[in-house]
Structures are given as C-alpha cells and as structure tokens.
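Close look at the chain arrangement
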Amino acid sequence: MNIILLGPPGAGKGTQAQYLVEDRGMVQLSTGDMLREAKSSGTEMGKRVAEVMDRGELVTDEIVIGLIREKLENTDAPGFIFDGFPRTLKQADALGELLEEMGKSLDAVIELRVDEDALVGRILKRAADAKAAGQPVRADDNEESLRTRLMAYFKMTSPLVGYYYAKGTYARVEGMRSMEDVRKQIAEKLDA
C-alpha cells in the first residue's frame, strides 16, 4: 500500500508516518530527509542536490522525482508513505506517472485536517517544550514562520485535496484529536 499524508506544517504527518512504519512496516519517504541524505551521499544525484542546495536554490521536481525513483527501486517494503511530497499539482502528476511506470499504485491520500490557530499554539508549545528540555528549537518554530509556511501550503498544496478526491483516493481525518485517536482514524481509513 502506497499513501500520501497531506496536511499543513505541524499537523502531525511525521508522527503519524512513524506510527505507520511501526504498525505496517511501510517506509517513510520524507523529501527533506532524502535531500539531506542525497547531499551527503557522494552519488551523482547527491552531487546535483548539493550544488543546488549550496546555491540556496530549491531542488527541482525532476531531482526530487529522481530521488523517489531511487528509493522505490532500491527498497523492498510493503508500501511507502509520501511525506512532504507532492506539494503541487505538477508534482502530483509526476508522482502518478512515476508510480504507473513502475507498476505501482497510489492507494490512499489521507489529509490531517487541523485548526490553523490551534496549530500555531501547538507549534509554540513544541518550541517551548524543546527549550525547557534543553533541546534545540527548530528555527521555523515561531508564529511568523508558521504563518508564512501555512500561506504557502494553502496556496500550493491545498488544491491536491480536490485532485485526489476526483481520483477517488482521498480521505480526511480529524488531526486535532489525540495522536492515538488520529492513529486509529488513519488505520480505519486504510483498512476500509
């Protein structure tokens, strides 16, 4: 089973992806993790990624799709969780084409619906908890950065809801509930 987790920054996609890894043996494909891994790998693709990132530019869709292709070809898993990708309709089309070319399908797209104001509170609490525990605070864990990231999400990524709804793969869960409840909701959607 291959799925996409959709939701704005701080919605809990990473946490829920880890639960799916534990519960179902799926592999989480986080584009951010893949880019950092590629950059330090020394491979030809890694060198391309490093050059782009070192210039402070955004990595092209072509490179990200290339990294995803490598992971799909070189990882034997019962399924994949796409976390942080796709972010745009163009990327959704590219992912669909790649999966079709490889004889794979996209089985479900789960959106974690959240309240934006509560999300700001959640992020500020995460930053405060990290600081209190003596851990580093993520540079983007502040209200101004979060609101900028939310605006980008709603402009670029929220159109994916209609896109995947039309394809019949979309489902929504209430992301403001407890982590365990969200975990159960996702399991129910995937098992249906």
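Just above, that's the structure.
Now for a description of the structure that goes with this document. (Residues numbered from 1 in each chain as written. Predicted model: local features only at pLDDT ≥ 70, side-chain atom pairs only at ≥ 80, totals over all residues. Heavy atoms only, no water.)

In this section: the layout of surface pockets. Size it by volume and the largest pocket reaches roughly 1,500 Å³. For the largest pocket, the lining is made up of 47 residues, of which Thr 31, Gly 32, Gly 84, Arg 87 and Arg 149 are closest to its centre. For the lining of the largest pocket, the elements supplying multiple residues, two or more each, are strand E1 (3–6), helix H1 (13–24), helix H2 (31–39), helix H4 (61–74), helix H6 (116–132), helix H7 (143–157) and helix H9 (179–191). Looking at the lining of the largest pocket residue by residue, the class counts come to 20 nonpolar, 15 polar and 12 charged. (1 Å grid on protein atoms, 1.4 Å probe; cavity = no way out; pocket = protein on both sides within 12 Å on 5 of 7 lines; lining within 4 Å. Points joined across faces, edges and corners; volume = space filled by probe spheres on them. Helix = DSSP H or I, 4+ residues; strand = E, 2+ residues; numbered from the N terminus. Nonpolar A, V, L, I, M, F, W, Y, C, P; charged D, E, K, R; others polar.)

So, about the environment of Asp 140. Counting through the fold element by element, Asp 140 comes out in the loop between H6 and H7. The class of Asp 140 is partly exposed, set by a relative accessible area of 23%. Between the alpha carbons of Asp 140 and Asp 61 there is a distance of 23 Å; along the sequence they are 79 residues apart. Every residue in contact with Asp 140, bar those within four places of it in the chain, is listed here: Ser 145, Leu 146 and Arg 149. (Buried < 20%, exposed > 50% of the residue type's maximum accessible area, 1.4 Å probe, protein only. Contact = heavy atoms within 4.5 Å.)

The packing of two helices is summarised by the inter-axis angle and the distance between the axes. Running from amino to carboxyl end, H2 crosses H4 at an angle of 90 degrees, the nearest separation of the two axes being 10 Å. Taken together, the axes of H2 and H4 lie roughly perpendicular to each other. Residues Thr 31, Met 34, Leu 35, Glu 37 and Ala 38 of H2 form the contact with H4, whose own contacting residues are Val 64, Leu 67, Ile 68 and Lys 71. Among the residues making up the contact of H2 with H4, the classes are represented as six nonpolar, one polar and two charged. (Axes fitted to C-alpha atoms, helices over the stretch in contact; angles between N-to-C directions. Parallel < 35°, antiparallel > 145°, perpendicular 65-115°, else oblique.)

On to the sheet that holds strand E4 (residues 108–113). Taken in spatial order, the five strands of this open sheet run E2-E3-E1-E4-E5, and their pairing is parallel. A strand with exactly one partner marks an edge of an open sheet, and here the two such strands are strand E2 (27–30) and strand E5 (170–174). On average, adjacent strands in this sheet sit at an angle of 25 degrees to one another, irrespective of strand direction. Where E1 and E4 come together, four bridges link them in parallel fashion. Note that in E4 the partner of Leu 5 across the bridge is Ile 110. On top of the sheet, H1 reaches E1, E2, strand E3 (80–83) and E4; it is set at about 150 degrees to E1, its chief contact. Against the sheet, H4 contacts E2 and E3, and its axis sits at roughly 165 degrees relative to E3. (Pairing = 2+ DSSP bridges.)

Now for empty space enclosed by the protein. Under the defined criterion, the tally for this structure stands at one cavity of 30 Å³ or more. For the largest cavity, the calculated volume is near 40 Å³. For the largest cavity, the full set of lining residues is Gln 16, Tyr 19, Leu 20, Asp 23, Arg 183, Ile 186 and Ala 187. Where the lining of the largest cavity is concerned, the elements lending two or more residues are H1 and H9. Ranked by the residues each element gives to the lining of the largest cavity, the list is headed by H1, at four residues. By residue class, the composition of the lining of the largest cavity is four nonpolar, one polar and two charged.

Next up on the list: the environment of Glu 62. Position of Glu 62 among the secondary structure elements: in helix H4. We classify Glu 62 as exposed; its relative accessible area is 58%. Put simply, Glu 62 and Gln 91 are 29 residues apart on the chain and 9.1 Å apart in space, counted from C-alpha to C-alpha.

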